[in-house]
Amino acid sequence: MDRRCLVVADDPDLLDALLRIAAAADMEAQRAVDAADARRAWALAPAVLLDRAGALRCREAGFARRGSVVIAVHGEPAAEDWRAAVALGADRVVQLPSGEAALTGMLADVRDRADGTPGRVLAVVGGCGGAGASVFATAVAVGAARTGTTALLVDCDPLGGGLDLLTGIEEADGLRWPGLTVGDGRVQAASLRSALPRVVSGRAELSVLSCARSPHGPEPTAVTAVLDAGRRAGGTVVCDVPRYPTDAALAAVGAADLTVLLVPATLRAGAAAGRVADVLAEHARVVELVVRGPSPGGITPGEVASCLGLPLLHAMRAERDLAATVERGRTPGGGRGPLAAGARAVRERLAALDLTHRVAS
């Protein structure tokens, strides 16, 4: 994939501005002087920057719709600008100079994207109290980081005690939810990653955005902005979501490509999970079930799935001494037991959804 953004612009002031913005984002730029020149780079460039005349030329040439296209204008966009944006699949029409910072951030996100494809977002929700959703979410994120992909663990449960404690980085410097300010609804992925504390395991690094020891959780707009930033950066974003439907929790579930409902194989857990499943059905795109054994009464994972009306993604055996291991400060997901196997099954399912989305697009 070509790492240079494509610039098609006739207006000398806008051309200079677009080249300057690309340089500020540390991205090389190539200028196309006509439609034939632009066609060669249209599909391969990680981003396309157009002025009004450039957008018109590309539209008239019948270029296919694609992502990461921006049309830059002076002043208020005209109706023709919006028509061109729709025809070309443009993400936005940016007014310069007021939109320079946002456009620089967008290009920086594109530059940092590892393989040119967006990442995927997973939400993990416990079906009842004590289901182990935080531990399981952490295990999925740790496993993703160990595969070499960019991984972000997001704490959406203000009453959960803080994922920085669970991952052993409570003393580490870095940003927590109370310190995050979202102004225009956008967070630059590279800036977010550099501000967060990280769990380091060998060569793997997991960024963690944790709640603080406060009952006040993140705002839904902030959750949406963070998940968008994580998705733009590529890799895997894992959200630990409370089962009670706060606005922030619903924002995370609504943004997730896959929501996993974790349910212990007991009668009371199944009854409680039924209420949670009803809420998820209204807000989530895809909900699947992980059932955690053992069952004191002999309830099978298939029976739990049938009762809840959800697909069974994985049946997870009990892991010996897991609670004690976590208490001693070991980050969940680093071993080879049932927890790691369950986390791997979820990552593989998420990857399968990735593949389906790419084929469909």
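Residues numbered from 1 in each chain as written. Predicted model: local features only at pLDDT ≥ 70, side-chain atom pairs only at ≥ 80, totals over all residues. Heavy atoms only, no water.

**Overview of the pairing of strand β6 (residues 120-126)**
Next up, step 1: The element β6 is extensively covered by neighbouring structure, given that seven of its seven residues are classed as buried.
Next up, step 2: Residues R120, L122, V124 and G126 of β6 are buried on one face, and the alternating residues V121, A123 and V125, pointing to the opposite face, are buried as well.
Next up, step 3: Sheet topology places β6 next to strand β11 (residues 258-264); five bridges connect them, and they run parallel. Note on β11: the bridge partner recorded for V125 is L261. (Buried < 20%, exposed > 50% of the residue type's maximum accessible area, 1.4 Å probe, protein only. Helix = DSSP H or I, 4+ residues; strand = E, 2+ residues; numbered from the N terminus. Pairing = 2+ DSSP bridges.)

**Considerations on the packing of aromatic side chains**
What describes a pair of aromatic rings is the distance from one ring centre to the other and the angle between the planes of the rings.
Next up, step 1: On inspection of all chains with the given rule, the structure shows one aromatic pair.
Next up, step 2: Relative to F63, the ring of W42 lies with its centre 4.9 Å away and its plane at 55°, an arrangement referred to as tilted. Note that W42 is positioned in helix α2 (residues 35-42) and F63 in the loop between α3 (52-60) and β4 (69-74), a separation of 21 residues in sequence. Both residues of the pair, W42 and F63, belong to the buried class. (Phe/Tyr/Trp six-rings, centres within 6.5 Å; stacked < 30°, edge-to-face > 60°.)

**Describing the environment of V326**
Next up, step 1: Topologically, V326 is positioned in helix α13 (residues 322-327).
Next up, step 2: For V326, a relative accessible area of 16% corresponds to the buried category.
Next up, step 3: Those residues in contact with V326, other than ones at most four positions away along the chain, are L166 and P332. (Contact = heavy atoms within 4.5 Å.)

**As for helix α4 (residues 79-88)**
Helical periodicity: at 3.6 residues per turn, an α-helix aligns residues three or four positions apart in one direction.
Next up, step 1: Within α4 the residues assigned to the buried category are D81, A84, A85 and L88. The buried residues of α4 occupy an angular sector of 105° when projected down its axis, which confines them to one face.
Next up, step 2: On its buried face, α4 sits against α2, β3 (48-50), α3, β4 and β5 (92-96).
Next up, step 3: Two residues or fewer after α4 comes G89, characterised by a positive phi angle close to 80°. (Arc of directions from axis to C-beta.)

**Considering unusual backbone geometry**
Next up, step 1: A cis amide bond, omega 10°, links L96 with the succeeding residue P97.
Next up, step 2: Mapped onto the elements of the fold, P97 is located in the loop between β5 and α5 (100-112).
Next up, step 3: In this structure, P294 follows G293 across a cis peptide bond, with omega equal to 0°.
Next up, step 4: Locating P294 in the fold gives a position in the loop between β12 (287-292) and α12 (301-308).
Next up, step 5: Even without being glycine, D26 reaches a positive phi, approximately 60°.
Next up, step 6: Structurally, D26 can be placed in the loop between α1 (12-24) and β2 (29-31).
Next up, step 7: Phi at S68 is positive, roughly 55°, even though this residue is not glycine.
Next up, step 8: Assessed through its relative accessible area of 12%, S68 is described here as buried.

**As for α12**
Next up, step 1: Burial in α12 covers these residues: V304, A305 and L308. Summarising the axial view, the buried residues of α12 lie within an arc of 95°, below the 170-degree limit, and thus occupy one face. Exposed side of α12, more than 90 degrees from the buried face: S306 and C307 are the residues found there.
Next up, step 2: Phi turns positive, to about 70°, at G309, one or two residues after α12.

**Section: the environment of D81**
Next up, step 1: Turning to its location among the elements, D81 is positioned in helix α4.
Next up, step 2: D81 gets classed as buried once you look at its relative accessible area, which sits at 2%.
Next up, step 3: Sequence separation between D81 and A55 is 26 residues, and the spatial gap between their C-alpha atoms is 7.8 Å.
Next up, step 4: Leave out the neighbours within four places in its chain, and D81 touches R52, I71, V73 and V93.

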